[in-house]
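The lines below spell out each chain.
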Amino acid sequence: MIYIAASEMTGGLDDEPRHMDTTYDSQLAKAQLVKEPSAWGAVACLSLLTFVLVAAEFMPVSLLTPIANELAISAGQAGQAISVSGFFAILTSLFGNALLSRLDRRTVIILYTAVLVVSGLAVTFAPNYLVLMLGRALIGVSIGGFWSLSTAILARIVPGADLPRAIAMLQGGTAFASVIAAPLGSFLGGLIGWRGAFFVVVPIGLVAIVWQLAILPRLPADEQASVGKMFGLLGNRVFAIGMAATTLAFMGQFALATYLRPFLEGVTGLDVNTLSMVLLGLGLAGLVGTSLVGFVLRTHLGAVLIGLPTVLAIIALSLIALGPFAIATASLLVVWGLFTTPIPVAWNTWMAKMIPNDLEAGGGLQVALIQFAITFGAFAGGLLFDSAGWWSPFALGAFLLLGSALLAIAATKSGGHY
């Protein structure tokens, strides 16, 4: 494989094919063109894993009450089952792949999927709170490990021109899981109990392992990731600006999105059924956004990086003004869903262009920052919601998203515009 160092990039639109192709393992493709299944089958396989990971991560949201009742814990303690997975996702994204740096990346993905299966078993049969939290910690390990590798692996199995579409396809699994995780958990919990709901992860995870063994090509380790190397990437000024923009974008999203339900109930005055329909519309719009953005990114990456957070900031401020009006609020939230899900696709595509030979290290750092941003955004939004009023997390979200847009302008003007 031939690589071009990030320091050699000059950031012009004409450079796109050259930079994108530096990450594509053409020798791998030639060697396996006839014998191996298609690259898009491998992408679909990984999309299934993203769906299961995200669904498993957020399923406790709709099952807190039965979990708390059976294990004799408080709802707050049960809620920590979500935060503990985020904490371990951060740790694994920083340290996990460095510890496994000598293993074939196909093997590493299978290992992380096996951890997902063990997590499902631990939660399903948890006799007490400690085992429940251990199982949730394992799902965090699987999430952090897989997401930190995902862009690097996609860049090796699809040609550069198709990478935005492959990333969008991968994120499609996330968007779909985000739509159905909570209602699916609630439905399965009522049908087969909360333990049965979590056990569903196990057979799907086993199917994913079999599919991975059948379709993923061997991907010999070709990059030594370490925490020092990850943070060393921040010495590249343009890359550091891009990571800051990514962090602010996720902070802004979750400062607002975490408190949509109390906003829709208390300010807009929606009943439970109407609220569910609005949230479903938001989620479905997210699926559409993820499906379309891969085609736009090929020629308008810079505009997308700047435009997405700008539009979202305007929507956040508009929700403050139009919150009491149901039709206007519902329409704005559908547009919100359309424009939020493409953000990780866009920044992953940008990262693949900026640091094509350091994607594992960059991916680990990015996942850690995103997990931190989600946690901090939700935490700060909650403090403001309780102390200053419902409008304040929306204002905070708008402020952070505008900051992300300004940093995206700086990144694209400083040599990161492709």
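These notes cover the structure that comes with them. (Residues numbered from 1 in each chain as written. Predicted model: local features only at pLDDT ≥ 70, side-chain atom pairs only at ≥ 80, totals over all residues. Heavy atoms only, no water.)

### Observations regarding the overall build of the chain
Right, so step 1: Scanning the chain for helices and strands turns up 17 helices and 0 strands.
Right, so step 2: Within the span of the chain, comprising 418 residues, buried residues form 54% of the whole.
Right, so step 3: A fraction of 84% describes how many contacts in the chain between residues 6 or more apart in sequence connect residues 24 or more apart.
Right, so step 4: Total accessible area computed for the chain in this model is approximately 16,500 Å², and 72% of it derives from carbon and sulfur atoms. (Helix = DSSP H or I, 4+ residues; strand = E, 2+ residues; numbered from the N terminus. Buried < 20%, exposed > 50% of the residue type's maximum accessible area, 1.4 Å probe, protein only. Contact = heavy atoms within 4.5 Å. Areas by Shrake-Rupley, 256 points an atom, 1.4 Å probe, with all protein chains shown as cover.)

### Some remarks on the environment of Pro-342
Right, so step 1: Turning to its location among the elements, Pro-342 is positioned in helix α15 (residues 342-354).
Right, so step 2: Owing to a relative accessible area of 4%, Pro-342 belongs among the buried residues under this scheme.
Right, so step 3: Sequence separation between Pro-342 and Leu-292 is 50 residues, and the spatial gap between their C-alpha atoms is 8.6 Å.
Right, so step 4: Not counting chain neighbours up to four residues away, the residues in contact with Pro-342 comprise Gly-289, Thr-290, Val-293 and Leu-308.

### Things to note about helix α12 (residues 260-268)
Right, so step 1: Taken residue by residue, α12 has Leu-260, Phe-263, Leu-264, Val-267 and Thr-268 as its buried positions. Buried residues along α12 cover an arc of 105° about the axis, so they all sit on one side.
Right, so step 2: At the exit of α12 stands Gly-269, carrying a positive phi of roughly 80°. (Arc of directions from axis to C-beta.)

### Description of the packing of helix α11 (residues 237-257) against α15
Right, so step 1: One can describe the packing of α11 onto α15 by two numbers: an axis separation of 11 Å at closest approach and a directional angle of 170°. When the axis of α11 is compared with that of α15, the two are roughly antiparallel. Contact residues: Val-238, Phe-239, Gly-242, Met-243, Ala-245, Thr-246, Ala-249, Phe-250 and Gln-253 in α11; Ile-343, Pro-344, Trp-347, Trp-350, Met-351 and Met-354 in α15.
Right, so step 2: Residue composition of the contact of α11 with α15, grouped by class: 12 nonpolar, 3 polar and no charged. (Axes fitted to C-alpha atoms, helices over the stretch in contact; angles between N-to-C directions. Parallel < 35°, antiparallel > 145°, perpendicular 65-115°, else oblique. Nonpolar A, V, L, I, M, F, W, Y, C, P; charged D, E, K, R; others polar.)

### Some details on the packing of aromatic side chains
Right, so step 1: Considering all chains together, one arrives at 12 aromatic pairs under this definition.
Right, so step 2: Each ring, one from Tyr-259 and one from Phe-385, has its centre 5.6 Å from the other, and the planes form 25°; the classification is stacked. In this pair, Tyr-259 is assigned in the loop between α11 and α12 and Phe-385 in helix α16 (residues 359-387), connecting sequence segments 126 residues apart.
Right, so step 3: When the ring of Phe-372 is compared with that of Phe-376, the centres are 5.9 Å apart and the planes differ by 25°; the resulting orientation is stacked. Here the residue Phe-372 and the residue Phe-376 both occupy positions in helix α16, the gap between them amounting to 4 residues, near one helical turn. (Phe/Tyr/Trp six-rings, centres within 6.5 Å; stacked < 30°, edge-to-face > 60°.)

### Here we look at the environment of Gly-307
Right, so step 1: Topologically, Gly-307 is positioned in helix α13 (residues 272-322).
Right, so step 2: Relative accessible area serves as the criterion here: at 24%, Gly-307 is assigned to the partly exposed category.
Right, so step 3: For the pair Gly-307 and Ala-405, spaced 98 residues apart in sequence, the C-alpha to C-alpha distance is 7.2 Å.

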